[in-house]
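Here's the letter readout for the chains.
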Amino acid sequence: MFGTLSRKLQPVSKQTQLLCGFRNSQLWRRMKQSRVCTAPAATFHLHDDCLVLTYGGTSMHFNYVWLRDHCRSASSYNARTNQRNLDTGGIDLTIRPDNTRVEDGHLVLTWPGGHVSKYSLSWLAENSYERKKQSTVQPRILWNLDIYTNANIPAAKWDTFMSSDDELKTFLQSYLQYGVAFVDDVPATVEATEAVTQRVSLIRETTYGRMWCFTSDFSRGDTAYSQEALDRHTDTSYFQEPCGIQVFHCLKHEGTGGRTLLVDGFYAAEKVRQQSPKNFEVLARTPIRHEYVEATDNHRNHMRGVGPVVNVYPWNSEVYMIRYNNYDRSVINTIPHDAVQRWYAAHRELTTELRRPENELWVKLTPGKVIFIDNWRVMHGRESFTGVRQLCGCYLTRDDVLSAARCFGLQA
């Protein structure tokens, strides 16, 4: 192709002028072949429907409306507030640049009317679909019992945690990687538990309140308010957006049993993906309802959430949430009858992985030990217990936890 263009466009200086200083929009529309301009750092091809940029060994496709929409000039983008000034609804959907060139590590486009857009080549590469498709949104360490135990992850300490940003950053890094993190030596009070959670994020108030404290008194219409064992599950699966972080602090236990069960749902989901890709797809594509119906003397609620058991980002198939709660799963009536058996088979395979003893981490919560659980990833349960057991805790907003991590420069 390069040879053909060189023969047609002589001398080289005229070729460069025609390709890099292209200003005749009518001629643009008549040319059906892709056009080429080279620079030491990049090569681009101008096609009728997109600009193809080759940079760092990767070819990336950029739609022309997208390029105009993502202009970072002062009139198009407010760098102070990081917000768009440009009215996307006013962009001509057939827009094409009149002039295209690469200089000083930037792609420079001149649009009809004279507006100039300048994009860093590294910024374009970072924000291309091709790069995002191959990259991980949030790096994680998937674990079973052996992996987590051998990692020997230290818990944060209350005094240091409350005063040191370095300790908070280390805590958040551990939480992001494993989906669970601990703070030890916290005073066994609701007030101290509230303080340590607010060090991490904002508390999310729900129908259970802001901070909750409960025993096995059946004061709410939920099995958690009993002494019974609870199988592994994620909380608030009946919310359209399940709560992001679950916090527990055992303030008192005068009795036996009551250990907390933790299982990495993402580890189990990836096992299913490796062993049975079709079953994984069924779990990721089938919408399932969950419901919470409560009718007690003091509380009346009817919550309903809909979503697949496994949630993945569509561009890279990375798992970002699991909605698994056999207690709160509602009637399956959102899929045709011939798909129901396939869903049960896929659900059974995931359940089998979740219930393997080698995937279970059992932790005894004691006064002073506060646990933070990624409710979109790590399932929790408990063994039955005797005696008086008092827990307090809350839910945290996921967005604010991730925001805090990003402000520390962590990938989240």
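Residues numbered from 1 in each chain as written. Predicted model: local features only at pLDDT ≥ 70, side-chain atom pairs only at ≥ 80, totals over all residues. Heavy atoms only, no water.

Visitor: How should the overall build of the protein chain be read in this particular structure?
Guide: Along the backbone of the protein chain there are 14 helices and 24 strands. Evaluated residue by residue, the protein chain yields a buried proportion of 48% over its 412 residues. Restricting to contacts in the protein chain with at least 6 residues of sequence separation, those with at least 24 account for 71%. For the protein chain, the computed accessible surface area is about 20300 Å², with 49% contributed by carbon and sulfur atoms. (Helix = DSSP H or I, 4+ residues; strand = E, 2+ residues; numbered from the N terminus. Buried < 20%, exposed > 50% of the residue type's maximum accessible area, 1.4 Å probe, protein only. Contact = heavy atoms within 4.5 Å. Areas by Shrake-Rupley, 256 points an atom, 1.4 Å probe, with all protein chains shown as cover.)

Visitor: Before we go on, may I ask you to explain helix α14 (residues 398–407) in this structure?
Guide: For α14, the full list of buried residues reads Arg398, Val401, Leu402 and Ala405. End-on view of α14: buried residues confined to an arc of 95°, all on one side of the axis. For α14, the exposed residues set more than 90 degrees away from the buried face come down to Asp399 and Cys407. Each element contacted by the buried residues of α14 is listed here: α9 (165–178), β15 (245–254), β20 (319–322), β22 (370–374) and β24 (388–396). Phi turns positive, to about 85°, at Gly409, one or two residues after α14. (Arc of directions from axis to C-beta.)

Visitor: For this particular structure, what's the right way to read the sheet that holds strand β21 (residues 361–363)?
Guide: To summarise the sheet geometry, strands pair through backbone hydrogen bonds and adopt either a parallel or an antiparallel arrangement. The four strands lie next to each other as β14-β23-β16-β21, forming an open sheet whose pairing is antiparallel. Two strands bound the open sheet, and with one partner strand each, they are β14 (230–233) and β21. Between one strand axis and the next, the sheet turns by 20° as a mean value, whatever way the strands run. Pairing between strand β16 (residues 260–264) and strand β23 (residues 378–382): five bridges, direction antiparallel. Paired with Leu261 across the strands is Gly381, a residue of β23. Along the sheet, helix α11 (residues 265–275) makes contact with β16 and β23, crossing β16 at roughly 40°. (Pairing = 2+ DSSP bridges. Axes fitted to C-alpha atoms, helices over the stretch in contact; angles between N-to-C directions.)

Visitor: Quick question: what am I supposed to make of the confidence of the model for the protein chain here?
Guide: Here the protein chain averages 89 in pLDDT, while 88% of its residues score no lower than 70. Contacts of residues 1–35 to residues separated by more than four positions or lying in other chains number 45 contacts, the stretch itself having pLDDT below 50. (pLDDT = per-residue confidence, 0-100.)

Visitor: Looking at this structure, I do not really get the environment of Arg398. What am I missing?
Guide: With respect to the helices, strands and loops of the structure, Arg398 is situated in helix α14. For Arg398, a relative accessible area of 8% gives the class buried. Spatially, the C-alpha atoms of Arg398 and Ile203 are 9.7 Å apart, while their sequence positions differ by 195 residues. Apart from residues no more than four positions distant in its own chain, Arg398 is found in contact with Gln138, Arg140, Tyr175, Gly244, Ile245, Tyr320, Asp374 and Trp376. A polar contact is formed between the side chain of Arg398 and the side chain of Asp374, at a distance of 3.0 Å. (Polar contact = N/O pair within 3.5 Å; in protein donor to acceptor, adjacent residues only side chain to side chain.)

Visitor: Would you take a moment to explain the nonpolar core for this structure?
Guide: Ranked by internal contacts, the top residues of the largest apolar core, which has 27 residues, are Phe161, Phe171, Val183, Val196, Val200, Phe372 and Leu396. Ranked by residues supplied to this core, first place goes to α9 with five residues. Sequence-distant contacts of Val183, defined by excluding residues within four places in its chain, comprise Ala156, Lys157, Trp158, Phe161, Phe171, Val196, Gly368, Lys369, Val370 and Phe372. (Core = buried A, V, L, I, M, F, W, Y, C linked by side-chain atoms within 4.5 Å.)

Visitor: Looking at this model, I keep getting lost on the pairing of strand β3 (residues 50–55). Mind explaining?
Guide: A regular strand carries its side chains on alternate faces of the sheet. Bridging between strand β2 (residues 42–46) and β3 involves five bridges; their strand directions are antiparallel. Its bridge partner being in β3, Phe44 is matched across the sheet by Leu53. In this antiparallel pair of consecutive strands, β2 and β3, the connection spans three residues. With six bridges joining them, β3 and strand β4 (residues 58–63) adopt antiparallel strand pairing. Each residue of the ladder has a partner; that of Val52, found in β4, is His61. Linking β3 to β4, which pair antiparallel, is a turn of two residues; within it Gly56 sits at a positive phi near 65°.

Visitor: Would you mind showing me how to read the side chain of Asp231 here?
Guide: In this fold, Asp231 is placed in strand β14. Of the polar contacts made by the side chain of Asp231, one reaches the side chain of Arg232; its length is 2.7 Å. Ignoring sequence-local partners within four residues, the contact set of Asp231 consists of Tyr327, Arg355, His380 and Gly381.

Visitor: Could you clarify how one ought to interpret the state of the cysteines in this entry?
Guide: Two cysteines whose sulfur atoms are joined by a covalent bond form what is called a disulfide. Taken as a whole, this structure holds zero disulfides when the rule is applied. Cys394 carries a free sulfur, and the closest cysteine sulfur to it, the one in Cys392, is 8.1 Å from it. Note on Cys394: relative accessible area 0%, which makes it buried. (Disulfide = S-S within 2.5 Å.)

Visitor: So what exactly am I meant to see when it comes to the packing of α11 against helix α13 (residues 337–354) here?
Guide: For any two helices packed against each other, the geometry is given by the interaxial angle and the distance between the axes. The interhelical angle for the contact between α11 and α13, taken along N-to-C directions, is 130°, at an axis separation of 9 Å. Classified by the interaxial angle, the pair formed by α11 and α13 is oblique. Crossing geometry of α11 relative to α13 is assigned as right-handed. Seen from α11, the contacting residues are Gly265, Ala268, Ala269, Lys271, Val272 and Gln275; seen from α13, they are Glu349, Leu350, Glu353 and Leu354. Here the residues of the contact of α11 with α13 are counted per class, giving five nonpolar, two polar and three charged. (Parallel < 35°, antiparallel > 145°, perpendicular 65-115°, else oblique. Left-handed = near helix turned anticlockwise from the far one by under 90°. Nonpolar A, V, L, I, M, F, W, Y, C, P; charged D, E, K, R; others polar.)

Visitor: Sorry, what's going on with the sheet that holds strand β9 (residues 116–120) here?
Guide: Spatially, the three strands line up as an open sheet ordered β7-β8-β9, and their pairing is antiparallel. The open sheet has two edge strands, β7 (99–103) and β9, and neither has a second partner. Pairwise comparison of adjacent strand axes, ignoring direction, gives a mean angle of 15° for this sheet. Summarising the sheet, strand β8 (residues 106–110) and β9 pair through five bridges and their orientation is antiparallel. Among the inter-strand pairings, Leu109 is bridged to a residue of β9, identified as Ser117.

Visitor: Explanation requested: the packing of α11 against helix α12 (residues 277–285) in the structure shown.
Guide: Closest axis-to-axis distance for the α11/α12 pair is 5 Å, and the angle between their directions is 130°. Considered as vectors, α11 and α12 are oriented oblique to each other. Residue-level contacts link Ala269, Val272, Arg273, Gln274 and Gln275 of α11 to Pro277, Asn279, Phe280 and Leu283 of α12. Tallied by class, the residues present in the contact of α11 with α12 amount to five nonpolar, three polar and one charged.

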